[in-house]
Amino acid sequence: MRNFKVTILGKYLPVRLRKESSRGGSLHVGITTIILCLFIASIVLFLGAFLRTHVTEFLSSSSSMEEVLPAIFFSPPTPNCASSTMNTSLASPSADQVWHSMNDEELLWRASMEPRISQYPYTRTPKLAFMFLSRGSLPLAPLWEMFFKGHEGFYSIYLHVSSITDFTPPYSSSVFYNGMIPSKPVQWGTATMVDAERRLLANALLDWSNERFILLSDTCIPIFNFTTIYNYLIISSWNQSFLGSIDDPRPMGRGRYNKRMQPELTLADWRKGSQWFEVHRRVAVQMVSDIKYYSILKQHCKPPRCYMDEHYFPTLVTKILPEINTNHSITWVDWSRPGSHPSMFVRKHVSEGFLMKVRNMTDCGFTHRTRSTICFLFARKFHPSTLEPLLRIAPSLLGFTDK
């Protein structure tokens, strides 16, 4: 292109000079014009060659565009990586990362994400997520401290506190230290109870190492040691979940169904169960992702006619993943007495014989789909006065370590 332009100018210039010379006095003006045109043309050619050379070098160099253009155009997230291996902090947040500033909508959205590739790109130790739904401080915390001792790295703890005024922060040496998640007040039987449970699940799902999710109350106790419970849920359960879900024909079951839930939920879909569940990660993701059925029950299942925490999850899991649920809770409670609440055990009830009876129960209420014959792993409701005899009996009976 440059040679072509120079050739044209070479042919054009003599003709232009002859014409200008025939015009007499205008020759000086013509020469000046030609010189100016040549000067401008040379500048254009020089700039074109310069830009072409340097732009090509820039684009082929290792320098990235982020180093040149403003940051607003390039702001992708930058994960922590070590060589070709994913940093384990991405999979296992440290304790101080439990607290965050996300609202419920943001939290549930983030927790609903799940890898589509089953093989993890890092060494992953499956963990049990213990999710405590408490009104305030945990009165039986010393028993749980004994239960968790020596098993670091195999569990995570999440604590939802309904009343901050009744909560005393644990010591820095406690397993519950930094375990409290952003919490909100909870009213029994209302949607706020379900919200708290989903909040716990969502926080626990942020740690990709958590494989099983156990919802416990502040009156729950373990009736086996950590190793037994871990092996039961991680190794022996064949990915089955333990969430109570039954078709209860009584007024407190089917009688709470509202026809306005149709057509999305029919009476045949309606289920009831204990809110104290244990679920596999696959189920937990669905429990925090649901919008459709949550909205229906929140609108049509309200006290005193209906209690959402007794029906929402049992109905949801039966609708979406019935094949991996045993329809049975692994938290034992005593419903032998009449009333809307199970029996509360106090100090005089706790003995080695009583705990052995609970541990050895064989009527699980479901067909075993695991490799174990154990029916229950936890029990409730235990009054704070039971702490002293529990601490005395637990080391020998439950085989707690004292490392």
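Shown above is the structure to which this text applies.
Definitions and limits used
Residues numbered from 1 in each chain as written. Predicted model: local features only at pLDDT ≥ 70, side-chain atom pairs only at ≥ 80, totals over all residues. Heavy atoms only, no water. Helix = DSSP H or I, 4+ residues; strand = E, 2+ residues; numbered from the N terminus. Buried < 20%, exposed > 50% of the residue type's maximum accessible area, 1.4 Å probe, protein only. Contact = heavy atoms within 4.5 Å. Phe/Tyr/Trp six-rings, centres within 6.5 Å; stacked < 30°, edge-to-face > 60°. Lys NZ or Arg CZ within 6 Å of the ring centre and 35° of its normal. Salt bridge = Lys/Arg side-chain N within 4 Å of Asp/Glu carboxyl O. Disulfide = S-S within 2.5 Å. 1 Å grid on protein atoms, 1.4 Å probe; cavity = no way out; pocket = protein on both sides within 12 Å on 5 of 7 lines; lining within 4 Å. Points joined across faces, edges and corners; volume = space filled by probe spheres on them. Nonpolar A, V, L, I, M, F, W, Y, C, P; charged D, E, K, R; others polar. Axes fitted to C-alpha atoms, helices over the stretch in contact; angles between N-to-C directions. Parallel < 35°, antiparallel > 145°, perpendicular 65-115°, else oblique. Left-handed = near helix turned anticlockwise from the far one by under 90°. Polar contact = N/O pair within 3.5 Å; in protein donor to acceptor, adjacent residues only side chain to side chain.

> Can you tell me about the environment of leucine 215, naming the residues and giving the values?
In this structure, leucine 215 sits in strand β5 (residues 210–217). Using a relative accessible area of 0% as the deciding quantity, one classes leucine 215 as buried. In the structure, leucine 215 is positioned 14 residues away from leucine 201 in sequence and 8.6 Å away in space, judged by C-alpha atoms. Discounting chain neighbours no more than four positions away, the residues touching leucine 215 are Met131, Leu133, Glu197, Leu200, Gln275, Trp276 and Phe277.

> I'd like a rundown of the packing of aromatic side chains, residues and numbers included.
A full pass over the atoms with the stated rule returns 29 aromatic pairs. Between phenylalanine 130 and phenylalanine 226 the ring centres are 6.3 Å apart and the planes differ by 35 degrees, which places this aromatic pair in the tilted class. Taken together, the residues phenylalanine 130 in strand β3 (residues 127–134) and phenylalanine 226 in helix α6 (residues 226–235) connect sequence positions 96 residues apart. Phenylalanine 226 sits in the buried class, given a relative accessible area of 3%. Above the ring of tyrosine 294, the side-chain terminus of arginine 198 is found at 4.6 Å from the ring centroid.

> Lay out the pattern of salt bridges with the relevant residues and their values.
Applying the stated criterion to the full structure yields 13 salt bridges. Here arginine 392 makes a salt bridge to glutamate 388, at a shortest N to O gap of 3.5 Å. Residue arginine 392 and its partner glutamate 388 are located together in helix α11 (residues 387–397), separated by 4 residues, close to a single helical turn. Beyond isolated ion pairs, a larger network of salt bridges with shared partners links Asp104, Lys184 and Arg199.

> Can you lay out the state of the cysteines for me, pointing to particular residues and giving the numbers?
By definition, a disulfide is the covalent link that joins the sulfur atoms of two cysteine residues. Evaluation of the coordinates by the stated rule reveals 1 disulfide. One disulfide bridge connects cysteine 301 with cysteine 306, the sulfur atoms lying 1.9 Å from each other. Torsion about the S-S bond of the cysteine 301 and cysteine 306 cystine: about -75 degrees, corresponding to left-handed handedness. For cysteine 306, a relative accessible area of 1% corresponds to the buried category.

> Tell me about the layout of surface pockets, residues and numbers included.
Of the voids in this model, the largest pocket is the one considered here, and its volume is about 1300 Å³. Elements represented by at least two residues in the lining of the largest pocket include exactly β3, α9 (308–320) and β8 (331–332). Along the lines of polarity and charge, the residues of the lining of the largest pocket split into 15 nonpolar, 19 polar and 11 charged.

> Quick one: what's the story with the packing of helix α8 (residues 292–300) against α9, residue by residue and with numbers?
One can describe the packing of α8 onto α9 by two numbers: an axis separation of 10 Å at closest approach and a directional angle of 150 degrees. When the interaxial angle is binned, α8 and α9 end up roughly antiparallel. The element α8 and its partner α9 pack so that their crossing is right-handed. For the pair α8 and α9, the contacting residues are Tyr293, Tyr294, Leu297 and Lys298 in the first and Met308, His311, Tyr312, Leu316 and Lys319 in the second. A breakdown of the residues in the contact of α8 with α9 according to their chemical character gives 6 nonpolar, 1 polar and 2 charged.

> Hey, could you go over the side chain of glutamate 211 for me, with residue numbers and the actual values?
With respect to the helices and strands, the residue glutamate 211 is situated in strand β5. At a separation of 2.5 Å, a polar atom in the side chain of glutamate 211 contacts the side chain of arginine 124. A distance of 3.0 Å separates a polar atom in the side chain of glutamate 211 from a polar atom in the side chain of histidine 280. Non-local contacts of glutamate 211, meaning those with residues more than four positions away in its chain, are made with Arg124, Pro126, Lys127, Ile234, Val279, His280 and Arg281.

> Could you give me a rundown of unusual backbone geometry, with the residues and numbers involved?
In the segment running from glutamine 262 into proline 263, the intervening peptide bond is cis, with an omega of 0 degrees. If you trace the backbone, proline 263 turns up in the loop between α6 and β7 (278–280). Proline 304 follows proline 303 through a cis peptide bond whose omega is 5 degrees. Relative to the helices and strands, proline 304 resides in the loop between α8 and α9. Even without being glycine, asparagine 327 reaches a positive phi, approximately 65 degrees. The topology assignment puts asparagine 327 in the loop between α9 and β8.

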